[in-house]
Amino acid sequence: MVRTCPACRNEVRVFTVEPPRSEPVVAAPAAAIPAAGGEPVQAPPCARHPGNAAVTACTRCGDFVCNVCATPVEGTVLCVRCFEFKHSHGELVAQKSGFGTPRTSLALGILSVLCMGFCWLGIVFGPGAIITGVSAVRQIRRQPGLPGEKLAVAGIVLGSLGTLACLVFFTWLIAKR
Ligand SMILES: [Zn+2]
Ligand SMILES: [Zn+2]
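Residues take numbers from 1 onward in each chain, read along the sequence in its written order. In the order they appear in the text, chains get letters beginning with A and ligands get numbers beginning with 1. This being a predicted model, a pLDDT of at least 70 is required before a residue's local features are given, and a value of 80 or more before pairs of side-chain atoms are given or counted; all residues contribute to the totals for chains, interfaces and linings. Based on all heavy atoms of the structure, the side-chain values leave hydrogens and waters out of the count.

A short note on the overall build of the chain
Thought 1: Only DSSP runs of H or I reaching four residues or more are called helices, and only runs of E reaching two or more are called strands; each is numbered from the N terminus. Of regular secondary structure, the chain possesses six helices and six strands.
Thought 2: The buried label applies to any residue whose accessible area, calculated with a 1.4 Å probe on protein chains only, is under 20% of its type's maximum; exposed applies above 50%, and partly exposed to all values in between. In the chain, which comprises 177 residues, the share counted as buried stands at 27%.
Thought 3: The contact criterion used throughout is that any non-hydrogen atoms of two residues lie within 4.5 Å. For the chain, contacts bridging at least 24 residues in sequence account for 37% of all contacts bridging at least 6.
Thought 4: When the accessible surface of the chain is split by element, carbon and sulfur atoms take 64% of a total near 11,800 Å². Here, Shrake-Rupley sampling with a 1.4 Å probe gives the accessible areas, and only protein chains in the shown set may cover a residue.

Spelled out as structure tokens, the structure:
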């Protein structure tokens, strides 16, 4: 079929391809909408931007993503929604490895127990372990993908023990005089 282009007045040959009968025909919304350059966009379109052609698919949900939406994360490509989900749930490797509060809490808890009232530093390490442990647990509740909840709880328990031992020791010291 030969048509005249309305823009340049050149005659162009138009080929139409019939889709196979057995397959359901899915209308690609992008096919009808011209992109910024004026060229009709070839399907598949981006799930968020129907005017943009997809460059790849999200590795998590499988949505088509355009250049704007494709978010390269730790060797995979995510759509914006999945990136925000992973980020808000603390599921990114960088977030997990950078989250050291539970380890700090556990270390302080162990130190406070090692002091066991024989060293005044126990009164610093103990409450320190409790404070960092509680803040770690709170953050893990908000972002369930973050690791170390057990470490943080252990830190709180050990910190409480260390603090208690210190208090008992100081009380005993004062009472002895
Ligand atoms: Zn996705
Ligand atoms: Zn997009």
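Side note on the coordination of the zinc ion (ligand 2)
Thought 1: For the zinc ion (ligand 2), the protein coordination sphere consists of Cys 46 (SG), His 49 (ND1), Cys 66 (SG) and Cys 69 (SG), at 2.0 to 2.3 Å.
Thought 2: Bound by four donor atoms, the zinc ion (ligand 2) shows angles of 96 to 118° at the metal and therefore tetrahedral coordination geometry.
Thought 3: Only nitrogen, oxygen and sulfur atoms count as donors, using a 2.8 Å cut-off from the metal that widens to 3.2 Å for Na, K and Ca. Water is left out, so coordination shells may look unfilled. Coordination of the zinc ion (ligand 2) draws on donor residues from a single chain, spaced C-x2-H-x16-C-x2-C in sequence. Placement of His 49 in the loop between helix 1 (29-32) and strand 3 (56-57) and of Cys 69 in the loop between strand 4 (64-65) and strand 5 (71-73) is noted, with a sequence separation of 20 residues between them. Here the metal geometry follows the donor angles, with tetrahedral for four donors whose angles all fall between 85 and 135 degrees, square planar for four and octahedral for six when opposite donors are more than 155 degrees apart and every other angle is between 65 and 115, and irregular for all the rest.

As for a nonpolar patch on the surface
Thought 1: Distance thresholds for patches are 9 Å for like charges and 5 Å for nonpolar side chains (Val, Leu, Ile, Met, Phe, Trp, Tyr), applied to residues having over 30% relative accessible area and no salt bridge. Salt bridges are defined by distance alone: a side-chain nitrogen of Lys or Arg within 4 Å of a carboxyl oxygen of Asp or Glu. Side chains of Trp 120, Leu 121, Ile 123, Val 124 and Leu 167 sit close together on the surface and give an oily, nonpolar patch of about 450 Å² of accessible area.
Thought 2: Inspection of the secondary structure assignment puts Trp 120 in the loop between helix 4 (101-115) and helix 5 (122-142).
Thought 3: We classify Trp 120 as exposed; its relative accessible area is 57%.

Some remarks on the nonpolar core
Thought 1: Cys 46, Cys 58, Val 65, Cys 66, Cys 69, Val 73, Leu 78, Cys 79, Cys 82 and Leu 92 together form the largest nonpolar core, which totals ten residues.
Thought 2: When residues no more than four places from it in sequence are discounted, the contact partners of Cys 66 are Cys 46, His 49, Asn 52, Ala 53, Ala 54 and Val 55.
Thought 3: What makes a nonpolar core is a set of buried Ala, Val, Leu, Ile, Met, Phe, Trp, Tyr and Cys residues whose side-chain atoms join them at distances within 4.5 Å. Core analysis: the second largest hydrophobic core is formed by six residues, Phe 99, Val 137, Leu 146 and Ala 152 among them.

Let's talk about the packing of aromatic side chains
Thought 1: When two rings of Phe, Tyr or Trp (its six-membered ring) have centres within 6.5 Å they constitute a pair, described as stacked for plane angles under 30 degrees, edge-to-face for angles over 60, and tilted for the intermediate range. All chains considered together, the criterion is met by two aromatic pairs.
Thought 2: With a centroid separation of 6.0 Å and an interplanar angle of 55°, the aromatic rings of Phe 169 and Phe 170 are classed as tilted.
Thought 3: For Phe 170, a relative accessible area of 28% puts it in the partly exposed group.
Thought 4: Centre to centre, the rings of Phe 169 and Trp 172 are 6.0 Å apart; their planes meet at 35°, and the pair counts as tilted.

So, the confidence of the model for the chain
Thought 1: For every residue, the predictor states its confidence as a pLDDT score lying anywhere from 0 to 100. Looking at the chain as a whole, its pLDDT mean stands at 83, while 75% of the residues score no less than 70.
Thought 2: When the criterion is pLDDT under 50, residues 17-34 qualifies, and its contacts beyond four places in sequence or with other chains add up to twelve contacts.

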